[in-house]
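A look at the structure
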2 protein chains.
Amino acid sequence: MGAHFSTTDIRFELDLPAWALGALNNLPTHLQTVDARMAAVIEFARRNVRERTGGPFASGIFERDSGRLVVIGVNRVVGNRCSSAHAEVMAFSIAQRILGTWDLGAPGLPVHQMVNNWRPCAMCLGATAWSGVRSLIVAGDGPELEAITGFDEGPAHPDWRRELERRGIDVIQDVLRDAALAAFCEFAATRSEVYNARQGSRP
Amino acid sequence: MGAHFSTTDIRFELDLPAWALGALNNLPTHLQTVDARMAAVIEFARRNVRERTGGPFASGIFERDSGRLVVIGVNRVVGNRCSSAHAEVMAFSIAQRILGTWDLGAPGLPVHQMVNNWRPCAMCLGATAWSGVRSLIVAGDGPELEAITGFDEGPAHPDWRRELERRGIDVIQDVLRDAALAAFCEFAATRSEVYNARQGSRP
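All figures in this text were calculated on a predicted structure; none of them were measured in a lab.

This part covers the overall build of chain A. In terms of regular secondary structure, chain A is built from seven helices and six strands. Sequence-ordered secondary structure for chain A, helices as α and strands as β, is β-α-α-β-β-α-β-α-β-α-α-β-α. Taken over C-alpha atoms, the radius of gyration comes to 17 Å for chain A, in line with the 17 Å a tight globule of 203 residues would show. Taken along the three principal axes of its C-alpha coordinates, chain A extends 55 × 40 × 40 Å.

Quick look at the structure:
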């Protein structure tokens, strides 16, 4: 007797929260400065916490030179019941769906940039390398995120920045760092679920 | 004037190829030995190449002790136009959808095991840490995969095995290694697209 799988068992769908649609449509089509892009991303992260739709993380995909907004994703691990539904994976996947390609760096496309409210976790650093973005802007990196929120950033390569750069991805750090840290403190104050630190599920 | 997003712009869906449904239903509900589990996974990877539905990678989720098959995922980057649609992400996400949880290691669940036809790439090592599996079986690791196929495994942590083990994930290597390498050679002979090595899309 074989296993019994149905057509719904070979697919899955992930989505941004309903509020994200209005929030995206309230933004300008283009955000000219890196600070304006980061401010929008941090606001999405804060709203994700306030609306209780996910963790305090957001990731925006922009055309680097024109500032055109492609999409801003937010963390959806708990809401979508999917451990890889990090903000970056949501943003890359939706941007690729909108643009119809698995490679945001494909010939003929403008250069794409990811703007993130902290350094990507171990998984998302790898996802960044495969996404085709050519530019990564982060509000910061370092132990503050883990210290404030309790999240585990995972086994990132110790020399992650050079590993991205040798794959053609420029990295700019420390854009609106204090505002990003303030958003993590807001999250910590809510005592929401920290979903990747293996609490309650050790063998 | 704001950006113009529609409800379809805030979601995405990924799926296994149509042949996977029949192939899953042709398998026993339980696969008792690690070798039997790996043989099934390698066969999915080979079929994914033969059917031209994705790269030569498959990843199975099983209950470690009973051998119950939860799902086997295959790589869908090109077919789903999504750079993170690696076999492991497909398998974790579908297993979590079937079980209704973002944590395959949640209290009350049996111990889950991932069986992989090579060491996960940098992204998927991180995804493994977040998935909740407690056991990882790989056919092998080392430079052969990159040498044979041309894929880039990315910036994996140099001490990835210990990083997983300190997060409660046991690793067993070298199960049906030669069969896994033979499948990579079959892929190389097809001269299919190697979708993550940045060919044609350097700046």
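Turning to the environment of Phe5 of chain B, a few remarks are in order. In this structure, Phe5 of chain B sits in the segment before strand S1 (11-15). For the pair formed by Phe5 of chain B and Cys121 of chain B, sequence separation is 116 residues and the distance between their alpha carbons is 33 Å. Excluding residues within four positions of it along the chain, Phe5 of chain B makes contact with Leu21, Leu24 and Asn25 of chain A together with Ile10 of chain B.

It is worth spelling out the sheet that holds strand S5 (residues 135-138) of chain A at this point. Strands pair in a sheet through their backbones, by hydrogen bonds, and they do so in one of two ways: parallel or antiparallel. All names here are of chain A. With mixed pairing, five strands are arranged side by side in an open sheet as S3-S2-S4-S5-S6. Here the strands that pair on one side only, and so sit at the sheet edges, are strand S3 (69-74) and strand S6 (170-172). Neighbour-to-neighbour, the strand axes of the sheet open up by a mean angle of 15°, direction not taken into account. By the bridge criterion, four bridges tie strand S4 (residues 112-116) to S5 in an arrangement that is parallel. Bridged to Asn116 within S5 is Val138. Along the sheet, helix H3 (residues 87-99) makes contact with strand S2 (58-63), S3 and S4, crossing S3 at roughly 145°.

Placing chain A over chain B gives an RMSD of 0.0 Å and needs a rotation angle of 180°, together with 0.0 Å of translation along the axis. What we have between these two chains is a two-fold relation.

It is worth spelling out the confidence of the model for chain A at this point. Mean pLDDT over chain A: 94, with 96% of residues reaching 70 or higher. In the predicted complex, the global pTM is 0.96; the interface-specific ipTM is 0.95.

On to the interface of chain A and chain B. Taken residue by residue, the interface counts 71 residues in chain A and 71 residues in chain B. Every element with two or more residues in the side of chain A that touches chain B is listed here: strand S1 (11-15), helix H1 (18-25), S3, H3, helix H4 (122-131) and helix H6 (160-165) of chain A. For the side of chain A that touches chain B, the leading source of residues is H4 of chain A, giving eight residues. Taken together, the residues of the side of chain A that touches chain B break down into 37 nonpolar, 22 polar and 12 charged. By the bridge criterion, five bridges tie S1 of chain A to S1 of chain B in an arrangement that is antiparallel. The partner of Glu13 of chain A across the bridge, within S1 of chain B, is Glu13 of chain B.

Let us now look at the nonpolar core. Counting residues in each nonpolar core, the largest one holds 130 residues, and the members touching the most others are Ala91 of chain A together with Ala91 of chain B. With residues near it in sequence (within four places) discarded, Ala91 of chain B still touches Ser59, Gly60, Ile61, Val71, Ile72, Gly73 and Met114 of chain B.

Attention shifts here to the sheet that holds strand S6 (residues 170-172) of chain B. Residues and elements named next belong to chain B. Spatial strand order, S3-S2-S4-S5-S6: five strands in an open sheet with mixed pairing. A strand with exactly one partner marks an edge of an open sheet, and here the two such strands are strand S3 (69-74) and S6. Put simply, the sheet's adjacent strands are angled 15° from each other on average, direction ignored. The pairing of strand S2 (residues 58-63) with strand S4 (residues 112-116) spans five bridges and is classified as antiparallel.

Thresholds applied
Residues numbered from 1 in each chain as written. Chains lettered and ligands numbered in written order. Predicted model: local features only at pLDDT ≥ 70, side-chain atom pairs only at ≥ 80, totals over all residues. Helix = DSSP H or I, 4+ residues; strand = E, 2+ residues; numbered from the N terminus. Rg over C-alpha atoms; globule rule 2.2 N^0.38 Å. Contact = placed C-beta atoms within 7 Å. Pairing = 2+ DSSP bridges. Axes fitted to C-alpha atoms, helices over the stretch in contact; angles between N-to-C directions. Least-squares fit on C-alpha atoms with pLDDT ≥ 70 in both. pLDDT = per-residue confidence, 0-100. Nonpolar A, V, L, I, M, F, W, Y, C, P; charged D, E, K, R; others polar. Core = buried A, V, L, I, M, F, W, Y, C linked by C-beta atoms within 7 Å. Buried ≥ 20, exposed ≤ 12 C-beta atoms within 10 Å, placed from the backbone.

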